[in-house]
Amino acid sequence: MVFINSEFQDLGFEFKDKPKKVLAFIGSRKTGKTWLSQLLVEMDPRFQIRSFADPLKEMFAELKGIPVGDLYHQDRKERYREDLVDFSSQIKADRGVFCWTEAYFNSIPLTTEFTVNDDIRFIQELQLLCMFGGVAYRVWAESCHRRARGWVYNPVLDENMSERDLTGLSAYTLYCCTGGGYIYNTKEGKDYVLPQLKQIVGKHFPEPSLDTLRVESLSKLAAMEL
């Protein structure tokens, strides 16, 4: 078992269904995780974007009386990031470190669709991803490219555990844990990253063959007859 010495072995809950087919992106601020997720959905409609922070953002927006859309906007979300990190820490202290991941995995519908998660940040999130059928890729971008996308170093954010907890993971570690690795978002434009996304989808989320579809259809018919 991965993370055999982890302090997060006693989960304290059970998921409704497993495994979950999730592609997760790890990366620092402004590396392009959300952009890559959007490209993936455009490229392959079997995927939908779901994030650990979706319920957190809804709660935070209601508390602050702001449109929840501001927390997803490329620029406007930055003005709330520090408060959002503090708010998340308070909720976890009250409800446990797995509160967002539990809600996340139980929210994924039982369909043939796949999910892309653009905000995996903590070791316990990676642990559950490994246990419940997910694959993780770290999005790498040079500092110059991050600055071009609006990143400015902020010690309150960039030294927080939400940014630092997974930064030391190598491509080899991600491969051993989940079968994943790195995505290099070091050049501008779709032409550079789309081949990487296509390779990842082809490896981990291939289109079902006709034979597989026939078997699934026959199984469903048999279940209906019973």
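Residues numbered from 1 in each chain as written. Predicted model: local features only at pLDDT ≥ 70, side-chain atom pairs only at ≥ 80, totals over all residues. Heavy atoms only, no water.

## A closer look at the layout of surface pockets
Then step 1. Looking at the largest pocket, its volume works out to about 1,100 Å³.
Then step 2. What lines the largest pocket is a set of 47 residues, and nearest its centre among them are Lys57, Arg81, Asp118, Asp119 and Arg121.
Then step 3. Elements represented by at least two residues in the lining of the largest pocket include exactly helix H1 (33-43), helix H2 (54-64), helix H3 (81-95), helix H5 (123-131) and helix H8 (161-164).
Then step 4. Counting residues per element, the lining of the largest pocket draws most heavily on H3, at six residues.
Then step 5. Residue composition of the lining of the largest pocket, grouped by class: 17 nonpolar, 13 polar and 17 charged. (1 Å grid on protein atoms, 1.4 Å probe; cavity = no way out; pocket = protein on both sides within 12 Å on 5 of 7 lines; lining within 4 Å. Points joined across faces, edges and corners; volume = space filled by probe spheres on them. Helix = DSSP H or I, 4+ residues; strand = E, 2+ residues; numbered from the N terminus. Nonpolar A, V, L, I, M, F, W, Y, C, P; charged D, E, K, R; others polar.)

## Things to note about the side chain of His145
Then step 1. Here His145 is to be found in helix H6 (residues 143-148).
Then step 2. Overall, the relative accessible area of 18% leaves His145 in the buried class. (Buried < 20%, exposed > 50% of the residue type's maximum accessible area, 1.4 Å probe, protein only.)

## Considerations on the nonpolar core
Then step 1. Phe60, Phe105, Ile120, Leu126 and Leu129 are the most contacted members of the largest nonpolar core, which has 29 residues in total.
Then step 2. Breaking this core down by element, the ones donating at least two residues are strand S1 (22-26), H2, H3, helix H4 (99-107) and H5.
Then step 3. It is H4 that contributes the most residues to this core, four residues altogether.
Then step 4. Not counting residues within four places of it along the chain, the set of residues in contact with Phe60 comprises Ile66, Leu71, Tyr80, Asp83, Leu84 and Phe87.
Then step 5. Of all hydrophobic cores here, the second largest spans 17 residues; its members include Leu23, Phe25, Val116 and Val135. (Core = buried A, V, L, I, M, F, W, Y, C linked by side-chain atoms within 4.5 Å. Contact = heavy atoms within 4.5 Å.)

## Topic: H3
Then step 1. An ideal rise of 1.5 Å per residue puts 21 Å on 15 residues; H3 measures up with 21 Å between its terminal C-alpha atoms.
Then step 2. In this structure, the buried side of H3 is in contact with H2, H4, H5, helix H7 (155-158) and H8.
Then step 3. Positive phi shows up at Gly96, right after H3, with a value of about 105°. (Expected span 1.5 Å × (residues − 1).)

## Topic: the pattern of salt bridges
Then step 1. What the rule picks out here adds up to ten salt bridges.
Then step 2. The salt bridge involving Glu159 is made with Arg164; its shortest N-O contact spans 3.8 Å.
Then step 3. On the accessibility criterion, Glu159 (42% relative accessible area) is partly exposed.
Then step 4. Salt bridges here are not isolated pairs; linked through shared partners, they connect Arg29, Lys30, Glu78, Arg81 and Asp158. (Salt bridge = Lys/Arg side-chain N within 4 Å of Asp/Glu carboxyl O.)

## Re the packing of aromatic side chains
Then step 1. The tally for this structure, following the rule as stated, stands at six aromatic pairs.
Then step 2. Residues Phe47 and Phe205 carry aromatic rings whose centres are separated by 5.1 Å and whose planes lie at 75° to one another, so their mutual orientation is edge-to-face. Of this pair, Phe47 sits in strand S2 (residues 47-49) while Phe205 sits in the loop between helix H10 (190-204) and helix H11 (210-225); the two residues are 158 residues apart in sequence, bridging distant segments of the chain.
Then step 3. On the basis of relative accessibility, which here comes to 3%, the residue Phe47 falls in the buried class. (Phe/Tyr/Trp six-rings, centres within 6.5 Å; stacked < 30°, edge-to-face > 60°.)

## Description of the sheet that holds strand S5 (residues 181-184)
Think of a sheet as strands paired side by side through backbone hydrogen bonds, with each pair either parallel or antiparallel.
Then step 1. The strand order S2-S3-S1-S4-S5 describes an open sheet built from five strands, whose pairing is parallel. The sheet is open, and its two edges are formed by S2 and S5, each paired on a single side. For this sheet the average axis-to-axis angle between neighbouring strands, irrespective of direction, equals 30°.
Then step 2. Here S1 pairs with strand S4 (residues 134-140) via five bridges, running parallel. The partner of Val22 across the bridge, within S4, is Gly134.
Then step 3. The sheet strands contacting helix H9 (residues 171-178) are S1, S4 and S5, and the helix crosses S4 at an angle near 165°.
Then step 4. Here H10 sits on the sheet and contacts S1, S2, S4 and S5; the angle it forms with S5, its principal contact strand, is near 155°. (Pairing = 2+ DSSP bridges. Axes fitted to C-alpha atoms, helices over the stretch in contact; angles between N-to-C directions.)

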